[in-house]
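Understanding the architecture of this molecule
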Amino acid sequence: MKFKEIAFREPNSKRIYLDYIARIQQAIKTLNAANQQEILLEINSHIYESLMSNPDSGREEVAHLLDILEKLGQPEVFLKPLVAEKKLDEATRTFNPLQVLKALVLNIGNGISYIIFTVLYLLLFGFLFLIGAKLIDPENVGFFYRPNDIFILGYFRNYGVSQLQYEQLGNWFIPAMLVLTVLFYFMITLLLRLKRTLKS
C-alpha cells in the first residue's frame, strides 16, 4: 500500500498536516523503507479515521486536526521507543555490525540488558585491537602461557627472556583472533535476537 496525503478543505489544515508528516518522516528516517512506510501509513490512517469520525466544516477543520495531532503527541517523543525496537529487529536480522551498533545506541536507555550487550560488542573490538597490535609488535603480543606461571591474551613483556618461549599461537594468532571475533559476534547477535523473541 502506498502513502497518500489526506485532502483538506482549508490550506492551513494542509500545512499543519504536512508539517506533522515531515516530523514523522524525520523521526523514522533511520529505519528501512518498509518499516518507514508501515509507520507512516498507520499514523496517516489514524489521522484520517479520526477526521472522518467527526467531520467539521469551515475553519473548525484546523481545530479538529490540531486536537487529533495533540492526542497523538509529538512524533519525536512517541515514535522513539517504536523506532528503537524496529531498528533492533532490522539489525538482528541482517547481522550488519553498523546497524547493530546504531540499534544499541537507540536502545541504550531501554534497560540494563542493552547496556550489557553494548559492552559485549565493544569487547569484540579488543580482539581487533590485538590483531593490529600483533602486526606492530609481534614478539610481545599474543597468547602467552606456561603452566603455573603465565596466562595472558594480549601484551606481555618479560625483560631478558624471549617471548617466543611463552607464546603459544605464533603465526596462528591473527587467524585465531579473526575467527573468535566472528564467532563471538554471531553468538552475541543471536543472543540479542533470542532476547527480543522472548520479550515479544
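It should be noted that the structure appears before, not after, this text.
What this report covers is the structure whose coordinates are included nearby. (Residues numbered from 1 in each chain as written. Predicted model: local features only at pLDDT ≥ 70, side-chain atom pairs only at ≥ 80, totals over all residues. Heavy atoms only, no water.)

**Some words on the packing of helix α1 (residues 11-27) against helix α3 (residues 60-72)**
Quick reminder of the rule: Axes, fitted as lines to C-alpha atoms, cover a helix only where it is in contact. Angles between the N-to-C directions of the axes lie from 0 to 180 degrees. Helix and strand labels come from DSSP, where a helix needs a run of H or I of at least four residues and a strand needs a run of E of at least two; each type is numbered from the N terminus. Relative orientations are named as follows: roughly parallel for angles under 35 degrees, roughly antiparallel for angles over 145 degrees, roughly perpendicular for angles from 65 to 115 degrees, and oblique for any other angle. Here is the rule for handedness: rotate from the far helix to the near one, and if that takes an anticlockwise turn smaller than a right angle the crossing is left-handed, while a clockwise turn gives right-handed. By definition, residues are in contact when any of their heavy atoms lie within 4.5 Å. Following the grouping adopted for this structure description, the nonpolar residues are Ala, Val, Leu, Ile, Met, Phe, Trp, Tyr, Cys and Pro, the charged ones are Asp, Glu, Lys and Arg, and the polar ones are all others, Gly among them.
Interhelical geometry of α1 versus α3 gives an angle of 15 degrees and a closest axis separation of 9 Å. It follows that α1 is roughly parallel to α3 by the angle criterion. Every pair of crossing elements has a handedness; the one defined by α1 and α3 is left-handed. Along the contact surface, α1 presents N12, S13, I16, Y17 and Y20, while α3 presents E61, V62, L65, L66, L69 and L72. Grouping the amino acids of the contact of α1 with α3 by side-chain chemistry returns eight nonpolar, two polar and one charged.

**Some points on helix α5 (residues 80-94)**
What counts, and what does not: The length a helix should cover is 1.5 Å for every residue beyond the first. Each residue gets one of three labels from its accessible area relative to the maximum for its type: buried under 20%, exposed over 50%, partly exposed in between, using a 1.4 Å probe on protein chains only.
If you check α5, its first and last C-alpha atoms are 21 Å apart, about what 15 residues at 1.5 Å a residue would give, namely 21 Å. By the burial criterion, the buried members of α5 are V83, A84, K86, K87, L88, E90, A91 and T92. Residue F95 follows α5 closely and has a positive phi angle near 65 degrees.

**Here we look at a nonpolar patch on the surface**
Heads up, the condition is: Residues enter patches when their relative accessible area tops 30% and they take part in no salt bridge; the joining distance is 9 Å for like charges and 5 Å for the nonpolar side chains Val, Leu, Ile, Met, Phe, Trp and Tyr. Working definition of accessibility: Shrake-Rupley area with a 1.4 Å probe, residue cover restricted to the visible protein chains. Think of a salt bridge as a Lys or Arg side-chain nitrogen and an Asp or Glu carboxyl oxygen that are within 4 Å of each other.
A cluster of nonpolar side chains, namely I108, I112, I115, I116, V119, L120 and L123, defines an oily patch on the protein surface of about 620 Å² accessible area. If you trace the backbone, I115 turns up in helix α7 (residues 112-136).

**Focus: the pattern of salt bridges**
A complete count under the given rule lists five salt bridges for this structure. A salt bridge links R23 to E76, with the shortest nitrogen-to-oxygen separation between them at 3.0 Å. Note that R23 is positioned in helix α1 and E76 in helix α4 (residues 75-78), a separation of 53 residues in sequence. Owing to a relative accessible area of 27%, R23 belongs among the partly exposed residues under this scheme. Residue E76 is classed as partly exposed on the basis of its relative accessible area of 40%. A salt bridge links R93 to D89, with the shortest nitrogen-to-oxygen separation between them at 3.1 Å.

**A closer look at the packing of α5 against helix α6 (residues 97-107)**
To characterise two packed helices, one gives the angle between the axes of the helices and the distance between these axes. Two elements in contact, α5 and α6, have axes whose closest approach is 8 Å; the angle formed by their N-to-C orientations is 155 degrees. Taken together, α5 and α6 sit at an angle that is classed as roughly antiparallel. The crossing of α5 and α6 is left-handed. Where α5 abuts α6, its residues V83, A84, E85, K87, L88, A91 and T94 lie against Q99, V100, K102, A103, L106 and N107. Residue composition of the contact of α5 with α6, grouped by class: seven nonpolar, three polar and three charged.

**Concerning helix α2 (residues 33-53)**
In this model α2 runs 30 Å from its N-terminal to its C-terminal C-alpha over 21 residues, within 8% of the 30 Å that 1.5 Å per residue would give. Three or more residues of α2 are buried, namely N35, I39, L40, L41, I43, N44, I47, S50 and L51. Elements in contact with the buried residues of α2: α1, α3, α4 and α5.

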